[in-house]
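Secondary and tertiary structure notes
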Amino acid sequence: MSETIDLAEPDETASAAVESTHAPRKVFIKTYGCQMNVYDSTRMEDALAADGYVPAASMEDADLILLNTCHIREKAAEKVYSELGRIRALKDDRRTTGRPVTLGVTGCVAQAEGEEIIVRAPVVDLVVGPQTYHRLPQIVARARRGEAIVDTEYAPEDKFDHLPHARATRIRSRGVTAFLTVQEGCDKFCTFCVVPYTRGSEVSRTAATIIDEAKRLVDAGVREITLLGQNVNAWHGEGVDGRQWGLGELLFALAELPGLDRLRYTTSHPIDMDDRLIAAHRDLDRLMPYLHLPVQSGSDRILKAMNRSHTAADYLRVVERVRQARPDIAMSGDFIVGFPGESERDFADTLEIVRTVGYAGAFSFKYSPRPGTPGATMDDQVPGDVAGERLARLQALLNDQQHRFNEACVGKTFDVLLEKPGRRPGQIIGRSPWLQSVIISTQDHDIGDLVEAKITAAGPNSLSATLTGRNTSA
Ligand code: 5AD
Ligand code: SF4
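These numbers were taken from a predicted model, which means no experiment stands behind them.

Attention shifts here to the packing of helix α13 (residues 312–325) against helix α14 (residues 344–357). With their axes 11 Å apart at the nearest point, α13 and α14 run at an angle of 10° to one another. As the angle between them shows, α13 and α14 are arranged roughly parallel. Between α13 and α14, the contacting residues are Ala312, Tyr315, Leu316, Val319 and Arg323 on the first element and Ile353, Thr356 and Val357 on the second. Grouping the amino acids of the contact of α13 with α14 by side-chain chemistry returns six nonpolar, one polar and one charged.

Further remarks concern the site of ligand 2. Close to ligand 2 lie Cys186, Lys188, Phe189, Cys190, Phe192, Cys193, Val195, Pro196, Asn231, His269 and Arg308, which account for all nearby residues. Looking at the shell around ligand 2 residue by residue, the classes come out as seven nonpolar, two polar and two charged.

By nearness alone, every residue bordering ligand 1 is listed as Ile72, Arg73, Phe192, Gln296, Asp334, Ile336, Phe365, Lys366, Tyr367, Ser368 and Arg370. Within the side chain of arginine 73, one N or O atom sits 2.9 Å away from an oxygen atom of ligand 1. Within the side chain of aspartate 334, an N or O atom sits 2.6 Å from an oxygen atom of ligand 1. At the level of secondary structure, the elements contributing two or more residues to the shell around ligand 1 comprise β16 (330–337) and β17 (361–366). Considered class by class, the residues forming the shell around ligand 1 number five nonpolar, two polar and four charged.

In this section: the nonpolar core. Core analysis: the biggest nonpolar cluster contains 59 residues, and Ile225, Leu227, Leu250, Leu251 and Tyr265 have the highest contact counts within it. Ignoring sequence-local partners within four residues, the contact set of leucine 250 consists of Val182, Ala207, Ile210, Ile211, Leu227, Trp235 and Trp245. Counting residues in hydrophobic clusters, the runner-up holds 26 residues, among them Ala56, Ala76, Val105 and Ile118.

Now for the pattern of salt bridges. Evaluated as defined, the whole model comprises 34 salt bridges. Between arginine 142 and glutamate 147 there is a salt bridge whose closest N-O contact spans 2.9 Å. Taking the relative accessible area as the measure of exposure, glutamate 147 reaches 38% and is therefore partly exposed. Here arginine 276 and glutamate 249 are joined by a salt bridge, their closest N and O atoms 3.0 Å apart. Linking arginine 276 in helix α11 (residues 275–283) with glutamate 249 in helix α10 (residues 247–254), this pair joins segments that are 27 residues apart in sequence. With relative accessibility at 35%, the residue arginine 276 sits in the partly exposed group. Here glutamate 249 falls in the buried class, since its relative accessible area comes to 16%.

Now for the sheet that holds strand β8 (residues 177–181). Read from one edge of the open sheet, three strands run β8-β11-β14, paired in parallel fashion. A single partner strand is all that each edge strand has here, and the edge strands are β8 and β14 (262–266). Averaged over all pairs of adjacent strands, the angle between their axes in this sheet comes to 25°, without regard to strand direction. Sheet analysis places strand β11 (residues 224–228) next to β14, joined by five bridges and oriented parallel. Paired with leucine 228 across the strands is threonine 266, a residue of β14. Against the sheet, helix α1 (residues 35–49) contacts β8, β11 and β14, and its axis sits at roughly 95° relative to β8.

The rules behind these values
Residues numbered from 1 in each chain as written. Chains lettered and ligands numbered in written order. Predicted model: local features only at pLDDT ≥ 70, side-chain atom pairs only at ≥ 80, totals over all residues. Heavy atoms only, no water. Axes fitted to C-alpha atoms, helices over the stretch in contact; angles between N-to-C directions. Helix = DSSP H or I, 4+ residues; strand = E, 2+ residues; numbered from the N terminus. Parallel < 35°, antiparallel > 145°, perpendicular 65-115°, else oblique. Contact = heavy atoms within 4.5 Å. Nonpolar A, V, L, I, M, F, W, Y, C, P; charged D, E, K, R; others polar. Near = heavy atom within 4 Å. Polar contact = N/O pair within 3.5 Å; in protein donor to acceptor, adjacent residues only side chain to side chain. Core = buried A, V, L, I, M, F, W, Y, C linked by side-chain atoms within 4.5 Å. Buried < 20%, exposed > 50% of the residue type's maximum accessible area, 1.4 Å probe, protein only. Salt bridge = Lys/Arg side-chain N within 4 Å of Asp/Glu carboxyl O. Pairing = 2+ DSSP bridges.

Take a look at the structure:
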């Protein structure tokens, strides 16, 4: 079993149950941060399952505990260190029972801090960066023999070629939606961001391996796939027709897969929204009309200091083109307030761009200086209380927009993918095309059905609906 703590993006939980082998060891993975970490945790579970590990129901029940960490903002790393402090007591207790626990830190904090983690928290047995997860079974075996291991190298081989595929039963246990990483790393070097340092430079997986993995997911019952990448729309590679493809082509190819009802992708950069990708939004019904397109700030001065390579007007032009192609598309974004040098006037530009675009959902953060990034040493750092007050104003506006978007859905009819049982008997929770949770009372539909529903009520975070009786699965 793995548990997800959401720090950066929408809450998604990667859970798993595995076919057991005799006397299996148990692993518990706690996942922090973005969806890419959720995906990585499932792949780590798959790699360890091939070595006989099964998921533990809790940390207390595990022989191996892995914290799959996020480094995007300060709080994230601090949470990891306090969790390590708590696990120390557990580990000490277990030493006396003859069933010792092995403790590992993986993910972006592992990559950024490396050996420092073991110096600061000697309770940790292994530190593994995101590029070497395929070596995890060997690393864990060595750590169990008492060796402290730090592996944060960029492996020359492609980890995805070496990670085992999950069996259909494991995929099924994870539900009808799945993530699929198509691209990792980033070459954009926004001055606030650690990703180019922790995940390295941009690497795309091949179209053939992505389509193959998508087919496996669909064969095992997955109905919706979200393609992942730190810079997902920079994805490029040789297509199955031998030509050079971009993300648009890849989406056109994936939309052909029978049984795959829905496609999404995240996270995009405005400068990589090319014509073919916009055409995919125009032509593919299966590509959901929801686009997460971070702008970070509405001020050209700050965008320049952030090295975003676009202006506010460039961003608005992209939004306009996407909306022309797909009029019902809803926008979501990421925002940072309090970047060094941000004046009240710059912040007013951010509020302005939010008002102009109108977001259905968004993530907004107070700037957090990340060691090693250019932003951390810039003059004119904004005091925390000033940034906090701006963040509150921005979030009030974004919440209001999200609420209004939800309210506008009342009375409308659209497809809902049924994802999981609701809290009350007879209730199922589904997902709208615009990523809203939809609560439906129904006895006669199954998880995985794509059904037409009429929205009857809207709350800040979910919708309620009744069924119209149509099943619209592909
Ligand atoms: N401080 C605050 N927010 C950040 N993000 C990335 N780096 C930082 C930072 N140093 C936010 C950006 C990005 C999202 C994933 O996290 O908005 O799009
Ligand atoms: Fe970070 Fe910018 Fe790359 Fe996004 S585009 S991962 S914000 S450097």
